[in-house]
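Each chain is listed here by its residues.
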Amino acid sequence: MRSPIMSYNRLAVAVVVFIVVSVLIFSATSGLHGGKNVVEKIKESAKGTANNICNNDRPVFGKPSISESFLRLYESIQHPIAASSYTDAYGKLFEVKGGAPWWTEPLRNDVLILDIDTRLPDKKNELWNNGRMNWEAMQAEGSGGMVSASFMNHFLYAQIHGYDYRFFNAHEMEGMYNTWIKPHVLFDLLHSYKFVVAIDADATVQHLELPVEWLFNRWGITPETSIAMPLDTRQVLNGDVHASEDSKGNLALNSGFIIAQALPNTFDLLTAWKECPTEKRYPGCANWKENWSHEQRAFSEYIRYDFNPSGTNIVEIPCNDAMGYPGIVDHAWVKSNCTGQFLRHHTLDKAMTKRSTEVAILQSLTDLVKKELLGKKDMYRIEEKA
Ligand SMILES: *[C@@H]1O[C@H](CO)[C@@H](O)[C@H](O)[C@H]1NC(C)=O
Ligand SMILES: *[C@@H]1O[C@H](CO)[C@@H](O)[C@H](O)[C@H]1NC(C)=O
């Protein structure tokens with residue numbers, strides 16, 4: 001027998017549900033501007049909720065977007081963020097040193113993967129052109145093909161892990177070398193993210209299934225780290241064996257790959273870096289406005305010594321991890337064999353950017369194909385009976 005109390009409870013629930021639904025419909029209707037109907041709006045909000053709360057195999061309504069599909073597709077080969085090691089396709093083992101990993105949960109769109117460039121690859125057969133791109137016919141030489149390939153690599157990497165992506169198409173700076181734009185753009189965009197990861201147009205992410213959070217763990221990037229950049233390759237230029245060092249004799253950092261975390265110290269640092277050439281704080285810095293190596297040298301010469309109070313605020317990434325590429329030492333004046341194990345930076349052979357992009361994408365597809373094929377090999381392979 002049901003007690004009357006129970007019925008009253010049920011009635012109360014029904015009333016509450018009715019009110020909630022009415023409010024939902026009312027707010028959806030009153031928010032109507034662009035011709036979307038109420039049902040669509042509710043569907044959309046339900047879809048967002050379902051995808052965020054439950055980790056369903058499929059969204060509740062409609063077809064998944066391309067972004068959602070990339071994320072789901074690559075989930076099956078994504079390397080665990082908190083793993084203590086990673087083995088590449090050559091069988092080479094890379095470890096995360098130190099104690100428990102700092103980063104264990106996906107940061108998703110708290111991370112921005114950022115391309116900053118004055119060049120807009122929108123000519124025929126380039127990435128931002130409306131026409132179809134012909135990969136095979138795309139020029140590896142010259143900047144159009146290089147920029148198209150690397151931007152595609154960076155964008156795909158962001159999609160695979162649910163990071164945000166932006167291409168900041170910058171103007172030239174009056175009286176300054178182009179790359180001086182970097183601290184300015186980082187300063188502006190870092191207000192909207194926890195991390196901004198800026199990658200040069202001649203650099204490619206080699207292991208697309210490896211989350212950047214895992215790399216943070218490997219490189220000792222903690223919640224207190226403001227900036228991380230790789231150490232540069234050692235080069236002898238015009239007989240100068242100290243060409244890659246700052247005036248204190250320390251190896252310079254290379255700004256082709258910059259990880260910045262939104263912290264008060266980082267904004268102070270970026271402000272000092274941006275304003276360095278005004279010489280208000282750093283007499284002599286104007287020398288690097290147009291002289292090599294520009295903002296990179298300014299950072300290595302002054303900034304890194306002033307914004308690293310605890311010694312972990314600025315992280316120097318090993319050269320072999322994020323500088324150079326296989327074959328860089330074929331140039332006799334390059335003295336460090338940095339092979340870009342995680343990020344290839346093709347500073348001296350820019351045309352190789354297209355090939356590295358191919359290798360990275362094809363390797364990840366190879367892993368996916370093998371996972372499916374061998375995962376169900378009894379279904380896909382028919383053994384002819386003897
Ligand atoms: C660039 O370097 C040259 C040679 O060292 C120097 O003469 C020149 O003044 C520098 N440029 C600026 C803007 O300081
Ligand atoms: C540079 O390093 C790569 C990868 O570790 C290695 O295969 C190559 O032989 C090295 N080259 C030289 C000249 O030491």
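Residues numbered from 1 in each chain as written. Chains lettered and ligands numbered in written order. Predicted model: local features only at pLDDT ≥ 70, side-chain atom pairs only at ≥ 80, totals over all residues. Heavy atoms only, no water.

### A short note on the overall build of the protein
Our working rule: For the purposes of this entry, the term helix denotes a DSSP run of H or I that reaches at least four residues, the term strand denotes a run of E that reaches at least two, and both are numbered from the N terminus. When accessible area is computed with a 1.4 Å probe and restricted to protein chains, residues below 20% of their type maximum are described as buried, those above 50% as exposed, and intermediate ones as partly exposed. Contact between two residues is taken to exist if any of their heavy atoms lie within 4.5 Å; hydrogens are not considered. Using a 1.4 Å probe, accessible areas were evaluated by the Shrake-Rupley method; residue-level cover was limited to the displayed protein chains.
When you go through the protein residue by residue, the secondary structure sums to 11 helices and 10 strands. In the protein, buried positions account for 44% of the 386 residues. Sequence separation of 24 or more characterises 70% of the internal contacts of the protein that already satisfy a separation of 6 or more. With an accessible surface of roughly 21,100 Å², the protein has 56% of that area assigned to carbon and sulfur atoms.

### Some remarks on the site of ligand 2
Threshold: Nearness here has a simple test: a residue counts as near a molecule or strand if at least one of its heavy atoms is within 4 Å of that partner. In protein, a polar contact means a hydrogen-donor-capable atom and an acceptor-capable atom, both N or O and within 3.5 Å, with residues adjacent in sequence counting only if both atoms are side-chain atoms; elsewhere, any N or O pair within 3.5 Å suffices. Each residue receives one of three labels: charged for Asp, Glu, Lys and Arg, nonpolar for Ala, Val, Leu, Ile, Met, Phe, Trp, Tyr, Cys and Pro, and polar for the others, Gly being one of them.
Around ligand 2, the surrounding shell consists of Lys92, Val329, Asn337 and Thr339. Contact between ligand 2 and Asn337: an oxygen atom at 2.4 Å from a side-chain N or O atom of the residue. If ligand 2 stood free it would expose 360 Å²; the protein chains cover 32% of that surface. The residue inventory of the shell around ligand 2, partitioned by class, reads one nonpolar, two polar and one charged.

### Let's talk about helix α8 (residues 294–306)
We apply this condition: Here the expected span of a helix is defined as 1.5 Å times the quantity of residues minus one. The angle between axes fitted to the seven-residue stretch ending at a residue and the seven-residue stretch beginning at it gives the bend at that residue.
When the terminal C-alpha atoms of α8 are compared, their 18 Å separation across 13 residues agrees well with the 18 Å that a helix rising 1.5 Å per residue should span. The largest bend in α8 comes to about 45°, at Ser300. A large share of α8 lies buried, amounting to 11 of its 13 residues. Every buried residue belonging to α8 is among His294, Glu295, Gln296, Arg297, Ala298, Phe299, Ser300, Glu301, Tyr302, Ile303 and Arg304, and all of these are buried.

### Focus on the nonpolar core
Quick note on the threshold: In this text, buried Ala, Val, Leu, Ile, Met, Phe, Trp, Tyr and Cys residues form a nonpolar core when linked through side-chain atoms within 4.5 Å.
Formed by 46 residues in total, the largest nonpolar core has its most connected members in Ile113, Trp214, Trp219, Phe257 and Ile259. Top element by residues in this core is helix α4 (residues 143–161). It accounts for seven residues. In this structure, Ile113 is in contact with His154, Tyr157, Ala158, Tyr163, Asp164, Tyr165, Arg166, Val197 and Ile199, ignoring residues within four places of it in sequence. Ranked by size, the runner-up nonpolar core spans 40 residues in total, among them Ala260, Phe267, Leu270 and Trp273.

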